[in-house]
Structure formats: C-alpha cells, structure tokens
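# Per-entry structural report
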Amino acid sequence: MKRIRKGDEVIVIAGRSKGQRGHVLTVMPSGKLIVENVNMVKRHTKPDPQRNVAGGIIEKESAIQTSNVMLYNPAANKGERVGFKILEDGTKVRVFKSTGEVVDI
C-alpha cells in the first residue's frame, strides 16, 4: 500500500515549487508524481495539422519526486507524515502520525 495515492491533496516540501498544494493526478511506478498546478514547465511543440494541433508554447505539469511532497492534513492546515494501522475488521488504513486520525474513510 502506497503512502500517497491518486486524488490525495499534497503539499510540496522541497524544490522550486515549495509550499504549493495540489491534488495528485498520476502516480508513476518510478516513484514520481504529477500534481496539478505544481512543477509547471513550458513545452515547445510543433504544429501537427493531421491531429489538428496548433504549435506554440504549452505549459504543463512535470513529474516530482514522492519524497518532495507530504500528505496535506486540512485539520492541522499543514503537511503530515503518514503511517499505517490495521483496524479491528482487518482492513489496513493510512493514518496521520501526529494525531492518529484515519486518512482513508
């Protein structure tokens, strides 16, 4: 079970996008994430008339290492470390380390 999953709200703790928040769009097998509106890069593209694509400069999200983000805790209004806990019914859930609050509902 991964600590950070698709759809989680994360906050960047290192790099040029430090302090920005966003939702995880993609989790790659290499251990990188794509987070919306974080680590934006400019991509110069050629026009392709067959696919009806106009050329120009496109701004899009680039991958960021998983170690450079933390799961965002809205109750504490900051990034928090994540641990795992097994409930009485045998399901494994993620919990915030500081409060013990369950992340997965």
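Look up: the structure comes first, before these words.
Rules and cut-offs
Residue positions are given per chain, counting from 1 as you read along its sequence in written order. Where local features are concerned, this predicted model is filtered to residues with pLDDT of at least 70; where side-chain atom pairs are given and counted, the filter is 80 or more; whole-chain, interface and lining totals use all residues. Each side-chain value is worked out from all heavy atoms of the structure, with water and hydrogens disregarded. Two strands qualify as a pair provided that DSSP identifies no fewer than 2 bridges between them. Working definition: helices are DSSP H or I runs of at least four residues, strands are E runs of at least two. Numbering for both runs from the N terminus. Among buried residues, the Ala, Val, Leu, Ile, Met, Phe, Trp, Tyr and Cys ones that are joined through side-chain atoms within 4.5 Å form a nonpolar core. When a residue's accessible area, from a 1.4 Å probe over protein chains only, is under 20% of the maximum for its type it is buried; when over 50% it is exposed; and in between it is partly exposed. The criterion used for residue contact is that any of the two residues' heavy atoms lie within 4.5 Å.

Looking down a regular strand, the side chains alternate between one sheet face and the other. The pairing of strand 9 (residues 82–86) with strand 10 (residues 92–96) spans 5 bridges and is classified as antiparallel. Pairing of Phe84 across the sheet is with Arg94, part of strand 10. Joining the antiparallel neighbours strand 9 and strand 10 is a turn of 5 residues, in which Gly90 adopts a positive phi near 95°.

Next up on the list: the sheet that holds strand 8 (residues 78–80). Spatial ordering of the open sheet is given by 6-3-2-1-7-8, a layout of 6 strands whose pairing is antiparallel. This sheet does not close on itself; its edge strands, each paired only once, are strand 6 (64–65) and strand 8. Pairing of strand 2 (residues 21–27) with strand 3 (residues 32–35), which is carried by 3 bridges, proceeds in the antiparallel orientation. Residue Thr26 lies in a different strand from strand 3, and its bridge partner there is Ile34.

The phi angle at Asn37 is positive, at roughly 60°, despite the residue not being glycine. Relative to the helices and strands, Asn37 resides in the loop between strand 3 and strand 4 (40–45). One non-glycine residue, Asn52, lies in the positive phi region at around 60°. Within the secondary structure, Asn52 is located in the loop between strand 4 and strand 5 (56–61).

In globular proteins that are soluble, nonpolar side chains generally tend to be buried together. Core analysis: the largest hydrophobic core is formed by 12 residues, namely Ile4, Val10, Val12, Val24, Leu33, Val35, Val38, Ile64, Val69, Leu71, Val82 and Phe96. If you list the elements that add at least two residues to this core, you get strand 1 (9–12), strand 3 and strand 7 (69–73). Every residue in contact with Leu71, bar those within four places of it in the chain, is listed here: Asp8, Glu9, Val10, Lys78, Gly79, Glu80, Val82, Arg94, Phe96 and Val103.

By themselves, these figures tell us nothing about what the structure is for.
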